[in-house]
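Structural description and commentary
Next come the chains, spelled out residue by residue.
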Amino acid sequence: MRMNWLKKLSVAWQKNQLQRPELASMFAMPAPEQWVAIDCEMTGLNPKKHHLLSVAAIHINGDKIDTGNGLHLLCRPPVMPKSDTIVIHGLRTADVEHAMSYDEMLSLLLPFIGNRPLVGFFPQIDVGFLNPLVKRYMGTHLPNEVIDIRSLYSRRMMGRSQGLPSQAQHLNSILKHYNIPELGTHDAYNDAIMTAMAFLHVR
């Protein structure tokens with residue numbers, strides 16, 4: 001995919017802010033037909049108030065999802081999860097209090113995602129949690145293109161039936177439309193796999 005001049009300018013500026021030269025390859029043009037599906041679990045949806053608990057990333061190469069070599073990383077948040085959110089993501093204090101630090105998580109995650117476009121369901125939320133950590137870690141935000149499967153699904157379904165745009169707001173609806181099995185939501189790795197499977201239908 002070609003970058004427009006404004007995107008190139010933005011990426012070049014970001015690269016100048018980079019404080020970790022070993023991650024310079026993240027700013028190179030991505031190879032065609034290579035993406036990475038991501039999903040995060042958090043203590044809430046506001047990056048200014050809530051904290052990252054886990055992140056999963058799985059490579060998509062052409063029509064193949066590399067489920068056997070993905071990442072699923074638990075993180076130690078500065079504030080432990082409360083009972084009202086544990087019922088959603090299932091991660092208790094005992095699960096995360098001895099997990100890796102955010103810097104340790106990024107030292108594994110960033111080389112893994114490299115310069116691949118990020119694929120997610122409402123990935124703006126995931127990136128909203130990751131970017132403050134990434135900027136503190138390497139001096140600049142994630143330079144990767146971000147692809148939201150909600151937009152791809154809506155565009156693909158446009159004009160076929162009334163009400164379809166609202167279906168795009170629910171991952172389960174997209175999965176059901178393509179007969180993709182539900183593996184159990186609010187588990188970062190499962191969500192990343194299901195997102196990757198949906199992406200292969202709507203791309």
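Cut-offs applied
Residues numbered from 1 in each chain as written. Predicted model: local features only at pLDDT ≥ 70, side-chain atom pairs only at ≥ 80, totals over all residues. Heavy atoms only, no water. Core = buried A, V, L, I, M, F, W, Y, C linked by side-chain atoms within 4.5 Å. Buried < 20%, exposed > 50% of the residue type's maximum accessible area, 1.4 Å probe, protein only. Helix = DSSP H or I, 4+ residues; strand = E, 2+ residues; numbered from the N terminus. Contact = heavy atoms within 4.5 Å. Pairing = 2+ DSSP bridges. Axes fitted to C-alpha atoms, helices over the stretch in contact; angles between N-to-C directions. Left-handed = near helix turned anticlockwise from the far one by under 90°. Nonpolar A, V, L, I, M, F, W, Y, C, P; charged D, E, K, R; others polar. Bend = angle between axes of the 7 residues up to and from the residue. Salt bridge = Lys/Arg side-chain N within 4 Å of Asp/Glu carboxyl O. Phe/Tyr/Trp six-rings, centres within 6.5 Å; stacked < 30°, edge-to-face > 60°.

Under an unreviewed UniProt entry, the name given to the protein is Probable DNA polymerase III, epsilon subunit, and the organism recorded is Psychrobacter arcticus.

Quick look at the nonpolar core now. Counting 31 residues, the largest nonpolar core has Leu52, Met105, Leu109, Leu110 and Ile113 as its most contacted members. Sorting the residues of this core by element identifies strand S1 (34-42), strand S2 (52-61), strand S4 (71-74), helix H4 (102-113) and helix H5 (123-138) as the ones contributing at least two each. In this view, leucine 52 contacts Cys40, Glu41, Met42, Cys75, Pro77, Tyr102, Met105, Phe129, Leu130 and Leu133; residues no more than four positions away in its chain are not counted. Ranked by size, the runner-up nonpolar core spans 20 residues in total, among them Ala37, Phe121, Ile174 and Leu175.

Bringing the pairing of S1 into the picture now. Most of S1 sits out of view: eight of its nine residues are buried. Taken together, the nine bridges between S1 and S2 define a ladder with antiparallel strand orientation. When the sheet's bridge partners are listed, tryptophan 35 is paired in S2 with isoleucine 60. The sheet contact formed by S1 and strand S5 (residues 118-120) spans two bridges and is parallel.

Turning to the packing of helix H6 (residues 149-157) against helix H9 (residues 188-202), a few remarks are in order. Orientation of H6 relative to H9, taken along the N-to-C sense of each, is 35°, at an axis distance of 10 Å. Considering how the two elements wind past one another, H6 and H9 form a crossing that is left-handed. Residue-level inspection shows Ile149, Leu152, Tyr153 and Arg156 of H6 in contact with H9, the latter providing Thr195, Ala198, Phe199, His201 and Val202. Grouping the constituent residues of the contact of H6 with H9 by class yields six nonpolar, two polar and one charged.

What follows covers H5. Helical geometry note: an α-helix holds 3.6 residues per turn, so side chains three or four residues apart project in the same direction. At leucine 130, H5 shows its largest bend, some 35°, and a proline, proline 132, comes one to four positions later. Residues of H5 that are buried: Pro123, Asp126, Val127, Phe129, Leu130, Asn131, Leu133, Val134, Tyr137 and Met138. Where H5 is buried, its residues meet helix H1 (5-17), S1, S2, H4, S5 and strand S6 (146-148).

With that settled, the discussion passes to the pattern of salt bridges. In this structure the tally under the stated criterion is six salt bridges. Here arginine 136 makes a salt bridge to aspartate 103, at a shortest N to O gap of 3.6 Å. Of this pair, arginine 136 sits in helix H5 while aspartate 103 sits in helix H4, and the two are 33 residues apart along the sequence. Looking at aspartate 103, the relative accessible area reads 31%, which means it is partly exposed.

Each aromatic ring pair is described using two quantities: the centre-to-centre distance and the angle formed by the ring planes. In this structure the tally under the stated criterion is two aromatic pairs. Here tryptophan 35 and phenylalanine 199 contribute two aromatic rings whose centre-to-centre distance is 4.9 Å and whose plane-to-plane angle is 70°, an arrangement assigned as edge-to-face. Remark: phenylalanine 199 occurs in helix H9 and tryptophan 35 occurs in strand S1; sequence separation between them is 164 residues. By relative accessible area, which is 2% here, phenylalanine 199 ends up buried.

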